[in-house]
Amino acid sequence: MRKLFAAAGAVALALTMTACGSSGGSGDAGKASGDSGADGAKEVGVTTWWSAGSEKDGFEALSKVFKEQHPDITLKNLATSGGGGTNAKQKLAADLAAKNPPDTYQSHAGAELSADIASGYVEDVSSLYDEFKLREAFPKSLIDRLTVDGKIYSVPSNIHRANVVWANPKVMEKAGLDPKNPPKDIKGWIADMEKLKGAGVKFPITVGDTWTQLELLETVLISDLGVDKYNGLMDGKTDWAGADVKAALEDYAKIISYTDPSLYTEDWEPAMKPILEGKSAYNVMGDWAPPAFEHANMEWGKDYVTFPVPGNEGVFDFLADSFTMPVGAKHPEGTKAWLQTISSVEGQIAFNKAKGSIPSRSDLTPEQIKEFSGYQQSAMESFGKDTIVSSIAHGAALPLKATEAMKAALGKFMAAKDVDALQKDFVAAVKSAV
Ligand code: GAL
């Protein structure tokens, strides 16, 4: 599979070059400077799914820095609501296919962009990495995940961690559980959920719609398979049809039996609410969650606690939001300005402080690091020392087509609860993207 993805990258290059020649794309991101756009207006339209809560706060913080750094360019927020990009990605796919791209769009560092690269939808922005000195500013683990056949097609604004349990300590204590000593593996965690149920907690854990289900599931795979076998799922070395994957899916099914079905079509915030309200103990979510607790005046370490999903200790389940320069974007100067702001020290500090993520730059001073919350400083420390794996749910690990098919399979699973069918669907989902 790795070979095939690499081959897709080579095709991508050829297609990108062809597309640049025929569509009037700049063909060289660096050349965008000084170009005031096809319609003469100085603006940049930014497509994201950051339309509410901490995500909107983050975008607004970034807009403020953008206005300071580029006062002559109008920033247009083209956000489509729906966590994890559920709706934004559909609209974007149609716009890209119709050759009507926004000036820049949110994607994820890693495999998610591979189909857009292969279709020639995005420019190679490697020259901006040299111009903005990003090769020195970003950690190697990130540059590696962004590089396709020696080229880079997007600029990251942040790094998130996906394998975090957000827990209400008071609820845990009801069942005699110690919030400071979570279990070490999935079986132990399931045993704790059973204790919570026995103590009268109707739904010990919550989960929302299919992208949140996929995020929970990937953390169970990390625990049950271990890092090497988990990584092997992405490069073909681990068999999705194997007995060890089946055992992990059975653990997932057991965990789902402790969740509230009324939340299965909800976004992450309504699914997190029972944790804030002290009705449920656990939710597995990325670290865009802290501002939700902060807005409710809940203090980290006291009113809510966090720990890696049991069995994920020492593993950082990575994702990064990353912005593109689409081929044929109408305002390449605006796009370039946006990519400059999101990768600048000022932009990254303002954005990440509001959003809960950590900067994708690793060159912040100790004083700048102190400006971040206790949780964020702990995430920075983990990113520096943990083993990094790529998130499936958030585009780092597999092409978009595979991820979308896996989400559909999980939706089906909620109705049928058929582990064998889920496993077969996953095998087909991963094959479909090759
Ligand atoms: C992720 C994205 C995050 C956050 C989250 C919830 O895919 O990377 O930045 O927006 O979805 O919507």
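Only a predicted model underlies this, so the values are computations on that prediction, with no experimental measurement involved. (Residues numbered from 1 in each chain as written. Predicted model: local features only at pLDDT ≥ 70, side-chain atom pairs only at ≥ 80, totals over all residues. Heavy atoms only, no water.)

1. Some remarks on the overall build of the protein
Note the following rule: Strands here are runs of E lasting at least two residues and helices are runs of H or I lasting at least four, both read from the DSSP assignment and numbered beginning at the N terminus. In this description the radius of gyration comes from C-alpha coordinates, and the expected globular size is given by 2.2 Å times residues to the power 0.38. Exposure is judged per residue with a 1.4 Å probe applied to protein chains only, and the accessible area is read against the type maximum: over 50% gives exposed, under 20% gives buried, and values in between give partly exposed. Contacts were defined at the residue level, with two residues in contact if any of their heavy atoms lie within 4.5 Å. Positive charges are assigned to Lys and Arg, negative charges to Asp and Glu, while His and the chain termini are left out of the count. A charge is said to be at NZ when it belongs to Lys, at CZ for Arg, at CG for Asp and at CD for Glu.
In terms of helices and strands, the protein carries 20 helices and 14 strands. In summary, the protein has a C-alpha radius of gyration of 21 Å against a globular reference of 22 Å for 434 residues, a match within 12%. Each principal axis of the C-alpha distribution contributes one length, and for the protein these read about 65 × 45 × 35 Å. Looking at the protein residue by residue over its 434 residues, the buried ones come to 56%. Long-range pairs, those at least 24 residues apart, make up 80% of the contacts in the protein with a sequence separation of at least 6. Of the side-chain charges in the protein, 45 are positive and 58 negative, and the distance between the mean point of each set is 2 Å.

2. A word on the packing of helix α10 (residues 210–225) against helix α11 (residues 227–235)
What counts here: For helices, the fitted axis covers only the stretch in contact; all axes are lines through C-alpha atoms, and the angles between them, taken along N-to-C directions, range from 0 to 180 degrees. An angle below 35 degrees is read as roughly parallel, one above 145 as roughly antiparallel, one from 65 to 115 as roughly perpendicular, and any other as oblique. Each residue gets one of three labels, nonpolar for Ala, Val, Leu, Ile, Met, Phe, Trp, Tyr, Cys and Pro, charged for Asp, Glu, Lys and Arg, and polar for the others, Gly among them.
Closest axis-to-axis distance for the α10/α11 pair is 6 Å, and the angle between their directions is 130 degrees. Taken together, the axes of α10 and α11 are oblique relative to one another. Here α10 contributes Glu218, Leu221, Ile222 and Leu225 to the contact with α11, which in turn contributes Val227, Lys229, Tyr230 and Leu233. Here the residues of the contact of α10 with α11 are counted per class, giving six nonpolar, no polar and two charged.

3. Examining the environment of lysine 151
Note on placement: lysine 151 falls in strand β5 (residues 151–152). C-alpha separation for the pair lysine 151 and proline 290, spaced 139 residues apart in sequence, amounts to 34 Å.

4. A word on the site of the ligand
The condition that has to hold: For each residue, the test is whether any non-hydrogen atom lies within 4 Å of the molecule or strand; if one does, the residue is near. We call two N or O atoms a polar contact when they sit within 3.5 Å, provided that within protein one can donate a hydrogen and the other can accept it, with sequence-adjacent residues counted only if both atoms are side-chain atoms. Residue exposure ignores everything except the shown protein chains as possible cover, and the areas themselves are Shrake-Rupley values with a 1.4 Å probe. The definitions used throughout rest on a 1 Å grid laid over the protein atoms alone, on which a cavity is an enclosed set of points accommodating a 1.4 Å probe that cannot get out and a pocket is an open set flanked by protein within 12 Å on both sides along at least five of seven lines; lining residues are those having an atom within 4 Å of a point. To decide whether a molecule occupies a pocket or cavity, check its atoms: if more than half lie within 2 Å of the grid points, it is inside. All domain edges in this entry derive from an automatic or database-based domain assignment.
Around the ligand, 13 residues are found, and the nearest of them are Glu55, His108, Asp321, Lys355 and His394. Side-chain polar atom of tryptophan 49 to an oxygen atom of the ligand: 3.2 Å apart, as the coordinates give it. Summarising the interface, the protein chains cover 100% of the accessible area of the ligand, which totals 300 Å² for the free molecule. One can see that the ligand is located within the largest cavity. Residues that form the shell around the ligand fall into these classes: five nonpolar, five polar and three charged. Two domains each put at least three residues into the shell around the ligand: domain 1 (43–161 + 319–390) and domain 2 (164–317 + 394–432).

5. Regarding the packing of helix α12 (residues 243–256) against helix α19 (residues 400–416)
The following threshold applies: Crossing handedness follows the turn of the near helix against the far one: under a right angle anticlockwise gives a left-handed crossing, and clockwise gives a right-handed one.
One way to put it is that α12 packs onto α19 with a least axis distance of 12 Å and a crossing angle of 60 degrees. Classed by the angle they form, the pair α12 and α19 counts as oblique. Seen along the crossing, α12 lies across α19 with a hand that is right-handed. In this structure, α12 contributes Tyr252, Ala253 and Ile256 to the contact, and α19 contributes Leu410, Phe413 and Met414. For the contact of α12 with α19, the per-class residue count stands at six nonpolar, no polar and no charged.

6. What to know about unusual backbone geometry
Positive phi, close to 55 degrees, is recorded for asparagine 297, a residue that is not glycine. Relative to the elements of secondary structure, asparagine 297 occurs in the loop between α14 (290–295) and β11 (305–308). Assessed through its relative accessible area of 69%, asparagine 297 is described here as exposed. The residue lysine 417 is not glycine, and still its phi comes out positive at about 50 degrees. Residue position: lysine 417 is located in the loop between α19 and α20 (419–432).

7. Some thoughts on the domain arrangement of the protein
Here is the rule: By convention, the term buried area covers the 1.4 Å-probe accessible surface removed from two parts as they join, with the contributions of both added. One speaks of a salt bridge when a side-chain nitrogen belonging to Lys or Arg is within 4 Å of a carboxyl oxygen belonging to Asp or Glu.
Domain annotation of the protein identifies domain 1 (43–161 + 319–390) and domain 2 (164–317 + 394–432). Each partner contributes residues to the interface: domain 1 has 34 residues there, and domain 2 has 34 residues. Summing both partners gives a buried area of about 2900 Å² for domain 1 against domain 2, and 60% of it is carried by carbon and sulfur. Taken as a group, Arg161, Tyr375 and Val389 account for 28% of the area that domain 1 buries against domain 2, more than any other trio of residues on that side. Taken together, the connections running from domain 1 to domain 2 amount to zero salt bridges. Summed over the shared surface of domain 1 and domain 2, the number is 17 residue pairs in polar contact (both at pLDDT 80 or more). Counting only elements with at least two residues in the side of domain 1 that touches domain 2, the list comes to α2 (53–69), β7 (160–161), α16 (345–355), α18 (374–385) and β14 (387–390). Ranked by residues supplied to the side of domain 1 that touches domain 2, first place goes to α18 with six residues. Residues of the side of domain 1 that touches domain 2, tallied by class, amount to 10 nonpolar, 17 polar and seven charged.

8. Structural notes on empty space enclosed by the protein
What counts is decided by this rule: Grid points are joined across faces, edges and corners, and a volume is the space filled by probe spheres set on the points.
Taken as a whole, this structure holds three cavities of 30 Å³ or more when the rule is applied. Of the pockets and cavities examined, the largest cavity occupies roughly 100 Å³. Trp49, Trp288, Asp321, Lys355 and His394 are the residues nearest the centre of the largest cavity, which is lined by 15 residues in total. Broken down by class, the residue content of the lining of the largest cavity amounts to six nonpolar, six polar and three charged. Viewed by domain, the lining of the largest cavity spans two of them, domain 1 (43–161 + 319–390) and domain 2 (164–317 + 394–432), each represented by three or more residues. By volume, the second largest cavity amounts to about 50 Å³. As for the second largest cavity, its lining consists of His108, Ala109, Gly110, Leu113, Ile117, Arg145, Leu146, Val148, Tyr153 and Ser154. Residues of the lining of the second largest cavity, tallied by class, amount to six nonpolar, three polar and one charged.

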